[in-house]
Amino acid sequence: MLRPETIAQMPKVELHCHLDGSLSLSCIKTLAKNAKINLNLTDEEILEKAQAPENTRNLLEYLARFDFVLPLLQSYTNLELAAYDVARQAALDNIRYIEIRFAPEQHLLQNLTLEEAVEAVVAGLSRAEEDFDIIANALICGLRQSTLEKLEKLPPIFDHINDSHLVGFDLAGDELNYPQQKFSGLLAQVNTRNVHITLHAGECPHCEQNIVDSVNMGATRIGHGIMSKNIPDYQEILISKKIVLEMAPSSNFQTKSVTRIEDYPFKQLYDKGVHVTLNTDNRTVSNTTLQKEYGKISTWYPDFGIEDFEQINHYAIDGAFIDAVEKEALHFKFNDEYKKISD
Ligand SMILES: O=c1[nH]cnc2c1ncn2[C@@H]1O[C@H](CO)[C@@H](O)[C@H]1O
Ligand SMILES: [Zn+2]
């Protein structure tokens with residue numbers, strides 16, 4: 001088992017982090033003030049509302065926790081501050097490259113356009129890049145439970161926003177009731193634009209089919225994908241296509257995708273050669289940091305050593321939505337820094 005100080009030293013990549021689920025307490029209070037919303041809550045009460053409780057029963061109850069922060073994220077200023085805040089927290093986790101995702105359609109209650117919402121997030125990430133040793137990019141999420149009419153407004157955003165920080169597309173939300181098949185037309189519109197795709201899939205019991213459907217629709221990464229456990233055919237597909245799984249242990253237990261450590265497939269999949277990675281999913285809703293997620297993995301699998309953590313970071317770099325030159329630079333940096341930690 002690794003010491004927390006060792007984990008803290010390790011440079012990290014995070015591919016799966018939701019903006020709205022990851023706001024720090026101080027940021028939430030600032031956003032409320034800016035939005036002239038009187039929360040009238042103690043710090044403990046704010047956290048109680050923003051975090052998913054122990055007894056969360058499923059993904060839908062987990063997702064209900066986002067209702068608390070969304071009213072605070074309706075202006076350019078607040079979205080910019082929020083993006084900066086999440087990238088700042090990531091830098092504290094010694095993350096050198098992060099992709100932060102959000103659903104623009106949830107931020108239009110006060111007259112922002114979809115494009116303005118994206119511009120605000122990108123501006124906050126750019127500002128964080130100036131202040132911290134981090135590269136921070138943005139992904140746009142569509143929500144599965146949304147109407148197709150609303151979802152079809154998302155692919156054209158990639159025509160209108162010409163900023164290198166906007167790097168990919170995701171589908172999040174209610175996977176229990178909205179299977180991947182429904183979105184083949186939408187994803188075709190994303191694919192024609194050559195936009196990188198990662199999709200939440202196989203996060204809940206009985207959702208395994210979405211994993212292969214997502215790969216067939218152009219996803220090179222899968223959000224969670226834990227239901228590929230015990231399905232060798234699916235694992236073969238993931239391995240042969242080098243699909244990256246963005247796993248998030250705390251979140252996966254909270255949504256009750258798994259309930260026992262023995263059933264968590266991280267090590268099983270890693271040992272088989274699936275390109276697994278570690279992520280927070282939602283720092284606030286899941287009350288976590290990437291440091292804590294690495295700590296859990298190190299406790300559950302004491303043999304999972306520094307070289308294994310380095311390996312999953314190289315998997316993450318390979319799967320990142322950046323060009324080959326940027327990947328090369330990150331691989332080089334990580335090789336060098338992990339070598340120093342191991343010495
Ligand atoms: O683990 C998850 N699975 C599916 N959807 C999620 C998860 N975490 C967050 N969101 C959804 O993504 C939206 C945009 O960030 C959030 O508002 C939430 O509804
Ligand atoms: Zn997620």
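Residues numbered from 1 in each chain as written. Chains lettered and ligands numbered in written order. Predicted model: local features only at pLDDT ≥ 70, side-chain atom pairs only at ≥ 80, totals over all residues. Heavy atoms only, no water.

The name an unreviewed UniProt entry gives the protein chain is Adenosine deaminase, with Lactococcus protaetiae as the organism. According to the UniProt record, the Function (unreviewed entry) comment for the protein chain reads "Catalyzes the hydrolytic deamination of adenosine and 2-deoxyadenosine." Among the UniProt annotations of the protein chain, the heading Sequence similarities (unreviewed entry) holds the following wording: "Belongs to the metallo-dependent hydrolases superfamily. Adenosine and AMP deaminases family. Adenosine deaminase subfamily." (UniProt positions renumbered as here; feature names shortened; annotations may be inferred.)

Asker: Can you lay out the overall build of the protein chain for me, pointing to particular residues and giving the numbers?
Answerer: On a plain count of helices and strands, the protein chain comes out with 16 helices and eight strands. The C-alpha radius of gyration computed for the protein chain amounts to 19 Å, which stays within 12% of the reference 20 Å derived for 343 residues, consistent with globular compactness. Projecting the C-alpha coordinates of the protein chain onto the three principal axes gives extents of approximately 50 × 45 × 45 Å. Across the 343 residues of the protein chain, 58% fall into the buried class. Residue pairs at least 24 apart in sequence account for 75% of intrachain contacts in the protein chain once pairs closer than 6 positions are excluded. (Helix = DSSP H or I, 4+ residues; strand = E, 2+ residues; numbered from the N terminus. Rg over C-alpha atoms; globule rule 2.2 N^0.38 Å. Buried < 20%, exposed > 50% of the residue type's maximum accessible area, 1.4 Å probe, protein only. Contact = heavy atoms within 4.5 Å.)

Asker: Mind laying out the site of ligand 1, listing which residues take part and the relevant values?
Answerer: Of all residues adjacent to ligand 1, which total 16 residues, the nearest are H18, D20, G173, E203 and D281. Between ligand 1 and D20 there is a distance of 2.5 Å, counted from an oxygen atom to a side-chain nitrogen or oxygen. Interatomic distance of 3.1 Å between a side-chain N/O atom of N282 and a nitrogen atom of ligand 1. Protein contacts shield 98% of the accessible area of ligand 1, which totals 410 Å² for the unbound molecule. In terms of residue class, the shell around ligand 1 is made up of seven nonpolar, six polar and three charged. (Near = heavy atom within 4 Å. Polar contact = N/O pair within 3.5 Å; in protein donor to acceptor, adjacent residues only side chain to side chain. Areas by Shrake-Rupley, 256 points an atom, 1.4 Å probe, with all protein chains shown as cover. Nonpolar A, V, L, I, M, F, W, Y, C, P; charged D, E, K, R; others polar.)

Asker: How would you summarise the sheet that holds strand 6 (residues 221-224) if you had to cite specific residues and measurements?
Answerer: Strand order in the open sheet made by the eight strands is 1-2-3-4-5-6-7-8, with parallel pairing throughout. Of all the strands in the sheet, the pair left with one neighbour each is strand 1 (12-18) and strand 8 (275-278). When strand polarity is set aside, the average angle formed by the axes of neighbouring strands in this sheet is 25°. Sheet analysis places strand 6 next to strand 7 (residues 244-247), joined by three bridges and oriented parallel. Bridge pairing in strand 7 places I222 opposite L245. Set on the sheet, helix 10 (residues 209-216) makes contact with strand 5 (196-201) and strand 6; between it and strand 5 the angle comes to about 170°. (Pairing = 2+ DSSP bridges. Axes fitted to C-alpha atoms, helices over the stretch in contact; angles between N-to-C directions.)

Asker: Go over the nonpolar core, please, and point to the residues and values.
Answerer: Within the largest apolar cluster, 98 residues are counted, with the highest numbers of intra-cluster contacts made by F169 and F266. Looking at which element gives the most residues to this core, the answer is helix 6 (residues 114-131), with eight residues. Among residues more than four places away in sequence, those in contact with F266 are M247, V276, T277, L278, I297, Y301, F304 and I312. The next biggest cluster of nonpolar side chains, apart from the first, holds eight residues, and it includes A52, L59, Y62 and V285. (Core = buried A, V, L, I, M, F, W, Y, C linked by side-chain atoms within 4.5 Å.)

Asker: Give me the lowdown on the coordination of the zinc ion (ligand 2), citing residues and values where you can.
Answerer: Within the first shell, the zinc ion (ligand 2) binds the protein through H16 (NE2), H18 (NE2), H200 (NE2) and D281 (OD), at distances of 2.1 to 2.2 Å. For the zinc ion (ligand 2), the four donor atoms are set out with angles of 81 to 166° between them, so the coordination reads as irregular. (Donors = N, O, S within 2.8 Å, 3.2 Å for Na, K, Ca; no water. Tetrahedral: all angles 85-135°; square planar, octahedral: opposite > 155°, others 65-115°.)

Asker: Describe the side chain of H16, naming the residues involved and giving the relevant values.
Answerer: Mapped onto the elements of the fold, H16 is located in strand 1. A polar contact of 3.1 Å, which involves the side chain of H16, links it to the side chain of H200. In this structure the side chain of H16 is engaged in a polar contact, spanning 2.8 Å, whose partner is the side chain of D281. Excluding residues within four positions of it along the chain, H16 makes contact with E99, R101, H200, G223, H224, E246, N279, T280 and D281.

Asker: I'd like a rundown of the pairing of strand 7, residues and numbers included.
Answerer: Of the two faces of strand 7, both are covered, the one formed by V244 and E246 as well as the one formed by L245 and M247. Regarding topology, helix 11 (residues 232-240) serves as the crossover connection from strand 6 to the parallel strand 7, and that connection is right-handed. Strand direction decides the pairing type here: strand 7 and strand 8, joined by four bridges, are parallel. The partner of L245 across the bridge, within strand 8, is V276. (Right-handed = clockwise from strand over helix to strand, strands pointing away.)

Asker: Describe in detail helix 16 (residues 324-342), supporting the description with residues and values.
Answerer: Here helix 16 contains 19 residues, and its C-alpha end-to-end distance of 27 Å stays within 8% of the 27 Å for a straight helix at 1.5 Å per residue. Against the buried residues of helix 16 lie helix 1 (4-9), strand 1, strand 2 (95-102) and helix 15 (306-319). The N-cap of helix 16, judged by a side-chain oxygen 3.2 Å from the amide nitrogen of V325 a few residues on, is D323. (Expected span 1.5 Å × (residues − 1).)

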